[in-house]
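Here is what each chain is made of, one letter per residue.
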Amino acid sequence: MKKCEDTGYQAVRWNEPLIFELGKKGRRGFDVPRSSEELKESVGDIKSDIPESIRRKDPPGLPELTEPEVLRHFIRLSQQTYGTDSGINAGVGTCTMKYNPKINEKLARAAKLAHLHPDQEEETVQGILEIMYRLKQWLCVISGLDEFSLQPRGGAHAVFANATIMKAYLQARGELEQRNEIITTVLSHPCNASSPGVAGMKILSLYPDEETGIPSVEALKEAVSDKTVGMMITDPYDTGVFDDNITEYIDIVHDAGGLVAIDQANANCILGKLRIGDTGADLCHFNLHKSFSTPHGSCGPGSAPIGAREELAEFLPTPLVEFDGERYYLERDRPKSIGQIGSYYGVVPNAIRAYTWIMTTGAEGMEEVSEIAVLNSNYLARKLIKIKGIDLPWFDSHPLRMQEGRFTVEKMKEDTGIGIADVNRRIVDFGIQRCFTSHEPWIVPEPFTPEPTESVSKEDLDRFAEIFQRVSDEAYNNPEIVKDAPHCCSISKVDLGPATDSEKWATTWRAYIKKRERD
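Reading guide: rules and limits
- Numbering of residues starts from 1 in every chain and runs along the sequence as written.
- In keeping with the model being predicted, local features are shown solely for residues with a pLDDT of at least 70 and side-chain atom pairs are shown and tallied solely at 80 or more, while totals for entire chains, interfaces and linings include all residues.
- As a rule here, side-chain values cover all heavy atoms of the structure and leave hydrogens and water aside.
- Helix numbering and strand numbering both begin at the N terminus, where a helix is a DSSP run of H or I of at least 4 residues and a strand a DSSP run of E of at least 2.
- Throughout this description, the term nonpolar core refers to a set of buried Ala, Val, Leu, Ile, Met, Phe, Trp, Tyr and Cys residues connected via side-chain atoms within 4.5 Å.
- A simple rule labels every residue: compare its accessible area, found with a 1.4 Å probe on the protein chains alone, to the largest value its type can have, and call it buried under 20%, exposed over 50%, or partly exposed in between.
- By the convention used here, residues are in contact when the closest approach between their heavy atoms is within 4.5 Å.
- Pairing of N or O atoms within 3.5 Å defines a polar contact, subject to two protein rules: one partner must be a possible hydrogen donor and the other a possible acceptor, and residues neighboring in sequence count only if both atoms are side-chain atoms.
- Any carboxyl oxygen of Asp or Glu that lies within 4 Å of a side-chain nitrogen of Lys or Arg is treated as forming a salt bridge with it.
- Any two strands with at least two DSSP bridges between them are considered paired.
- Only the stretch in contact is used when fitting a helix axis, every axis being a line fitted to C-alpha atoms; angles between N-to-C directions are given from 0 to 180 degrees.
- Each pair of aromatic rings taken from Phe, Tyr and Trp, with Trp reduced to its six-membered ring, is defined by centres within 6.5 Å and is described as stacked if the planes are under 30 degrees apart, edge-to-face if over 60, and tilted in the remaining cases.
- When the NZ atom of lysine or the CZ atom of arginine is within 6 Å of a ring's centre and also within 35 degrees of its normal, the charge is said to sit over that ring.

*Asks:* Mind showing me how you'd approach unusual backbone geometry here?
*Replies:* Trans is the common state for peptide bonds, and a negative phi is the common state for residues other than glycine. A cis geometry characterises the amide bond from Asp235 onward to Pro236, with omega recorded as 5°. Tracing the sequence through the fold places Pro236 in the loop between strand 4 (228-234) and helix 11 (246-255). The omega torsion across Glu440 and Pro441 is -5°, close enough to zero to call that bond cis. With respect to the secondary-structure elements, Pro441 resides in the loop between helix 14 (420-427) and strand 11 (447-448). Located in the positive-phi region is Trp394, a residue other than glycine, with phi close to 60°. Looking at the element boundaries, Trp394 is found in the loop between helix 12 (348-384) and strand 10 (407-408).

Structure representation (structure tokens):
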């Protein structure tokens, strides 16, 4: 591989002010033409339709800039970001950072769709309702489940909705008072524990067997009881292992009167190959912002439709998009539904993007997507495990992985003092995205989780592995250059202290105010 300096990579850095600081009074991008007298007369006094109490007294304090200034500002900001459109983005496992075809974006931003308003009468939005109806029908086919709601805005939201559906189902059966326990695995996405926990349930977590890397059937049998609400599990795991005990898990939980919801956020490797509903699962969710190619930056905008088998469909959140043979409509009259869990229809732009991706990919294309994603994952794994200091836990039990693998540089840390935080800072010097480490808890020490989707070329996989080889060589021969990294980026080292101290941040403004009041 060429040396870092030879690649020419150097992160762009602009000392770009806030757009509010750039504005100058009186500057304009374009002038909106004044209304004609005829138009004014036909519309009338529209201000009188706005209640006095909410009328703005002064013009909004918006920045005033010319069109070139606006363009320059946002181009500069875009140059300071890194994503799939910038270069190799194979390291952010569990996020399925695949290339998002631009035709998806073009349709989602088309004026006929972008200018719709969710308060319009159903008769005037038949087109978008048809798209959403067809999308949920396709998700039924892909998952093997019977009904879908497009309401949840993300994975944790979907898991929370599924936990609430479980409670509603048990309440309808008169069993909710005796049951309050959800079983999950520590290898599952953390929301499979946190979301039912927020819904008021007690969480029992199963740990992986040291030899097999998956929980044992016996461990589940010990955890199941007459208090079991159900099991919420991610499969495949972020370790890239598909838990093939899943049908036994489902039978055990069903025999105990519980339900099973399977997190399908990692479905990119099984599209067209396995329908999770065929395993006997009761509920699932997909992340459109992962497998179905709607763009995201690991933090949104998300969309996570949830699917249910027929017996649970009546509990799905409303409204559902339905078709009576002549027109599409929003079905809200569902007495046993857990209710509406978000505003309006769901994340409509993501529904359009996913619809477009499925249309352009087709059934055979989706099978190829999963095949190439798994092939890429294992091709990269074979290269990485040959590098000094890097291992893939449970390799003997699972030499082949699905969409990703959770590797470790524990040996490198023991030998050289260089851990995954150092490695991550160094690899960005070569113009690639840093790697996702692991969800908490770190079952695998010093972890990193690359997920090379079907979008990543062989050349990029080779380069990704060569960069890790280079960093390993440096760690064993010149560790200071790794410890002091990055050297080619706009920010030398980020102080993660404030970001990891929960006393110094808050996820919402309301939480921030509470913390301040408490202090």
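*Asks:* What is the right way to read the nonpolar core from this model?
*Replies:* A general trend in soluble globular proteins is that nonpolar side chains are found buried together. The biggest cluster of nonpolar side chains holds 60 residues, and the ones touching the most others in it are Leu135, Leu220, Met231, Ile262 and Phe292. Where this core is concerned, the elements lending two or more residues are helix 7 (126-143), helix 10 (217-223), strand 4, helix 11, strand 5 (259-263), strand 9 (328-331) and helix 12. Looking at this core, the element that brings in the most residues is helix 12, giving ten residues. Beyond its immediate sequence surroundings of up to four residues, Leu220 is in contact with Ile183, Leu206, Met231, Tyr249, Ile252 and Val253. The next biggest cluster of nonpolar side chains, apart from the first, holds 29 residues, and it includes Ala381, Leu392, Ile427 and Cys435.

*Asks:* Would you take a moment to explain the side chain of Ser149 for this structure?
*Replies:* By the element assignment, Ser149 lies in strand 1 (residues 147-149). Within the local environment of Ser149, its side chain forms a polar contact with the backbone nitrogen of Gln151, the two atoms lying 3.2 Å apart. Setting aside its immediate chain neighbours within four residues, Ser149 contacts Pro305, Ile306, Leu316, Pro317 and Leu320.

*Asks:* What should I look at first to understand the environment of Ala363 in this one?
*Replies:* Relative to the elements of secondary structure, Ala363 occurs in helix 12. Judged by relative accessible area, which is 61%, Ala363 ranks as exposed. Taking the C-alpha atoms as reference points, Ala363 and Gly272, 91 residues apart in sequence, are found 6.8 Å from one another.

*Asks:* What should I look at first to understand the pattern of salt bridges in this one?
*Replies:* Charged atoms that come close allow side chains of opposite charge to pair. Evaluated as defined, the whole model comprises 32 salt bridges. The closest approach of N and O atoms between Arg76 and Glu16, which form a salt bridge, is 3.2 Å. Residue Arg76 is found in helix 4 (residues 67-79), and its partner Glu16 is found in the loop between helix 1 (4-7) and helix 2 (19-22); the two are separated by 60 residues along the sequence. What makes Glu16 buried here is its relative accessible area of 18%. For Glu105, the salt bridge goes to Arg353, with nearest N and O atoms at 2.7 Å. In this pair, Glu105 is assigned in helix 5 (residues 102-108) and Arg353 in helix 12, connecting sequence segments 248 residues apart. Neither residue differs from the other here; Glu105 and Arg353 are each classed as buried.

*Asks:* Sorry if this is basic, but what is going on with the pairing of strand 9 here?
*Replies:* Two faces make up the sheet, and in a regular strand the side chains alternate between them. Sheet topology note: the strand 8 (residues 320-323)/strand 9 ladder contains four bridges and is antiparallel. In the sheet register, Leu320 faces strand 9, and the bridge partner there is Glu331.

*Asks:* Is there a simple way to think about the sheet that holds strand 2 (residues 181-185) in this case?
*Replies:* Consider a sheet: its strands pair through backbone hydrogen bonds, and that pairing is either parallel or antiparallel. Read from one edge of the open sheet, seven strands run 1-7-6-5-4-2-3, paired in mixed fashion. For this open sheet the edge positions go to strand 1 and strand 3 (202-206), each flanked by a neighbour on one side alone. Strand-to-strand twist in this sheet, taken as the mean axis angle between neighbours without regard to direction, amounts to 20°. When strand 2 meets strand 3, the two strands line up parallel, connected through five bridges. Residue pairing across strands places Ile182 opposite Ile203, the latter belonging to strand 3. Strands strand 1 and strand 6 (283-285) of the sheet are contacted by helix 7, whose axis makes an angle of about 125° with strand 1. Sitting on the sheet, helix 11 is in contact with strand 4 and strand 5, with an inclination near 150° to strand 5.

*Asks:* Help me understand the packing of aromatic side chains in this model?
*Replies:* The geometry of an aromatic ring pair is captured by two quantities: the separation of the ring centres and the angle between the planes. Within the structure shown, the criterion is met by twelve aromatic pairs. Pairing Phe323 with Tyr328 gives two aromatic rings, centres 4.1 Å apart and planes at 20°, and the pair type is stacked. Classification of Phe323 by relative accessible area gives partly exposed; the value is 30%. For the ring pair Trp509 and Tyr512, a centre distance of 5.3 Å and an interplane angle of 35° mean the geometry is tilted. A residue pair is termed a helical-turn pair when its members lie 3 or 4 positions apart in one helix, as Trp509 and Tyr512 do in helix 18 (residues 509-518) at three residues. Put simply, the rings of Phe148, Phe286, Phe292 and Trp357 touch in pairs and so form one group of aromatic residues. Lying over the aromatic face of Tyr476, Lys388 brings its terminal NZ or CZ to 4.2 Å of the ring centre.

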